[in-house]
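Summary of the model geometry
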There are 2 protein chains.
Amino acid sequence: MGTLTVGEVARDSGVSGSAVRFYERQGLITAARTGGNQRRFDADAACRIRVARVAQRVGLTVNEIRDLLAALPPDPQLADWQGLHDRLTAEAERRIRDLHAALDDIGSGRRLCDL
Amino acid sequence: MGTLTVGEVARDSGVSGSAVRFYERQGLITAARTGGNQRRFDADAACRIRVARVAQRVGLTVNEIRDLLAALPPDPQLADWQGLHDRLTAEAERRIRDLHAALDDIGSGRRLCDL
DNA sequence: CTAGGACTTGAACTAATGGTGAAGTCAATG
DNA sequence: CATTGACTTCACCATTAGTTCAAGTCCTAG
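A quick note: this is a predicted structure, and the numbers were derived from the prediction, not measured. (Residues numbered from 1 in each chain as written. Chains lettered and ligands numbered in written order. Predicted model: local features only at pLDDT ≥ 70, side-chain atom pairs only at ≥ 80, totals over all residues. Heavy atoms only, no water.)

A few words on the relation of the copies chain B and chain A. Taken as rigid bodies, chain B and chain A are interconverted by a rotation of 180° and an axial shift of 0.2 Å, the fit giving an RMSD of 0.2 Å. Put plainly, the chains are arranged around a two-fold axis. Considering only C-alpha atoms, the residue of chain B closest to the rotation axis is Ile96(B), which sits at 2.9 Å. Of the interface residues in chain B, 100% have counterparts in chain A that sit at the interface too, so the contact is made through matching surfaces. (Least-squares fit on C-alpha atoms with pLDDT ≥ 70 in both. Contact = heavy atoms within 4.5 Å.)

With that out of the way, let us pick up the pattern of salt bridges. Residue and element names in this part refer to chain A. Taken as a whole and assessed by the stated rule, the structure comprises 17 salt bridges over all chains. Where Asp12 meets Arg11, a salt bridge forms, and the shortest distance between an N and an O atom there is 2.6 Å. Under the relative-accessibility criterion, Arg11 is labelled exposed at 59%. One network of salt bridges, in which partners are shared, links Glu64, Glu91, Arg94, Arg95 and Asp98. (Salt bridge = Lys/Arg side-chain N within 4 Å of Asp/Glu carboxyl O. Buried < 20%, exposed > 50% of the residue type's maximum accessible area, 1.4 Å probe, protein only.)

Residue and element names in this part refer to chain A. Residue placement: Gly7 occurs in helix α1 (residues 6-13). What makes Gly7 partly exposed here is its relative accessible area of 45%. Between the C-alpha atom of Gly7 and that of Gly17, which follows or precedes it by 10 residues, the distance is 5.8 Å. (Helix = DSSP H or I, 4+ residues; strand = E, 2+ residues; numbered from the N terminus.)

Further remarks concern the interface of chain B and chain A. In this assembly, 27 residues from chain B lie in contact with 27 residues from chain A. Summing the contributions of chain B and of chain A, the shared interface buries around 2,600 Å²; its carbon and sulfur component is 79%. Counting every contact that joins chain B to chain A gives two salt bridges. Between Asp105(A) and Arg57(B) there is a salt bridge, and its shortest N-O distance comes to 2.7 Å. At the level of secondary structure, the elements contributing two or more residues to the side of chain B that touches chain A comprise α3 (44-58) and α5 (78-107) of chain B. Partitioning the side of chain B that touches chain A into residue classes produces 18 nonpolar, four polar and five charged. (Buried area = accessible area lost by both parts, 1.4 Å probe. Nonpolar A, V, L, I, M, F, W, Y, C, P; charged D, E, K, R; others polar.)

All right, on to the packing of aromatic side chains then. All names here are of chain A. Enumeration according to the criterion identifies two aromatic pairs over all chains in this entry. Look at Phe22 and Tyr23: their rings are 5.8 Å apart centre to centre, the planes differ by 55°, and that puts the pair in the tilted class. The class for Phe22 is partly exposed, based on a relative accessible area of 32%. (Phe/Tyr/Trp six-rings, centres within 6.5 Å; stacked < 30°, edge-to-face > 60°.)

With that settled, the discussion passes to the protein's contact with DNA strand C. In the vicinity of DNA strand C, 22 residues are found, and the nearest of them are Ser16(A), Ser18(A), Thr5(B), Gly7(B) and Arg39(B). Restricting attention to atoms of DNA strand C within 4 Å of the protein, one finds that 88% of them are sugar or phosphate atoms. Within the side chain of Ser16(A), a nitrogen or oxygen atom sits 2.7 Å from a phosphate oxygen of DNA strand C. Within the side chain of Arg21(B), one N or O atom sits 3.1 Å away from a phosphate oxygen of DNA strand C. Those elements that provide at least two residues to the surface near DNA strand C are α2 (17-25), α3 (44-58) and α4 (62-70) of chain A together with α1 (6-13) of chain B. Broken down by element, the surface near DNA strand C gets its largest block of residues, five residues, from α2(A). (Near = heavy atom within 4 Å. Polar contact = N/O pair within 3.5 Å; in protein donor to acceptor, adjacent residues only side chain to side chain.)

Another aspect to go through is the protein's contact with DNA strand D. For DNA strand D, the set of nearby residues contains 20 residues, the closest of which are Thr5(A), Arg39(A), Ser16(B), Ser18(B) and Gln56(B). Contacts to DNA strand D include Asn37(A), whose side-chain N or O atom sits 3.4 Å from a sugar or linking oxygen. Measuring from a phosphate oxygen of DNA strand D, one finds a backbone N or O atom of Arg39(A) at 2.3 Å. Here the element with the most residues in the surface near DNA strand D is helix α2 (residues 17-25) of chain B; it accounts for four residues. Among the residues forming the surface near DNA strand D, the class breakdown is five nonpolar, 11 polar and four charged.

Structure (structure tokens):
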């Protein structure tokens with residue numbers, strides 16, 4: 001139904017109010033509006049934001065996180081969160097593989113430079 | 001002594017001429033000047049740029065790469081390049097550890113969110 | 001010696017990233 | 001009904017890594 005204000009979601013998720021509004025603009029979270037045009041969020045908003053913060057640590061941009069969270073239906077079930085978890089894990093592992101590939105290039109037979 | 005022009009270094013390193021000038025401005029490479037004020041680079045310039053590109057893949061910013069390359073003396077020996085290699089490797093591994101830590105947080109007992 | 005391609009500078013511009021701040025409006029309480 | 005804190009929008013900020021432009025200079029091959 002949407003009962004939480006920007007400030008409450010900010011507190012619950014640990015980000016600033018301006019960040020909450022930013023995330024809504026970017027489509028990471030959605031809000032209903034009061035008669036006076038104020039945002040009202042569902043309980044899962046803070047939750048989505050916490051996921052978004054983890055995703056940022058993994059290296060995803062806000063745009064990529066929007067796409068990731070788009071897979072999450074309204075009123076998500078455990079399996080939905082699990083799916084997100086799996087995607088994030090896969091992404092982190094992909095990035096780890098990329099770094100290993102860079103390491104391989106660095107350490108491969110040919111030197112960084114042949115002086 | 002410095003015999004290579006911007007264009008030659010660009011060709012040898014695989015970046016654009018404007019990027020070569022940018023890297024010099026940022027202190028990743030240094031250049032001598034002709035009487036007519038044109039840049040002349042040593043043979044290791046392209047080499048440093050190739051190192052810089054690998055460092056970018058590892059996730060270093062140009063500023064960080066400047067600091068990294070600052071450790072490289074003029075006319076570097078094999079051991080100097082080896083030192084760079086080690087530092088880059090350490091940095092990549094640090095980033096891999098950070099990703100693993102994020103993975104641990106994702107997968108740890110507490111769910112992404114407790115719905 | 002001259003033509004023209006490669007070079008010079010500095011500033012403006014691009015494009016993405018992740019927000020913040022100012023000025024003004026709303027809403028709940030005493 | 002007035003205060004005060006939370007809310008609104010939109011413009012703006014700072015960083016990152018360059019690119020582009022104009023107007024002019026250099027240098028090398030013929």
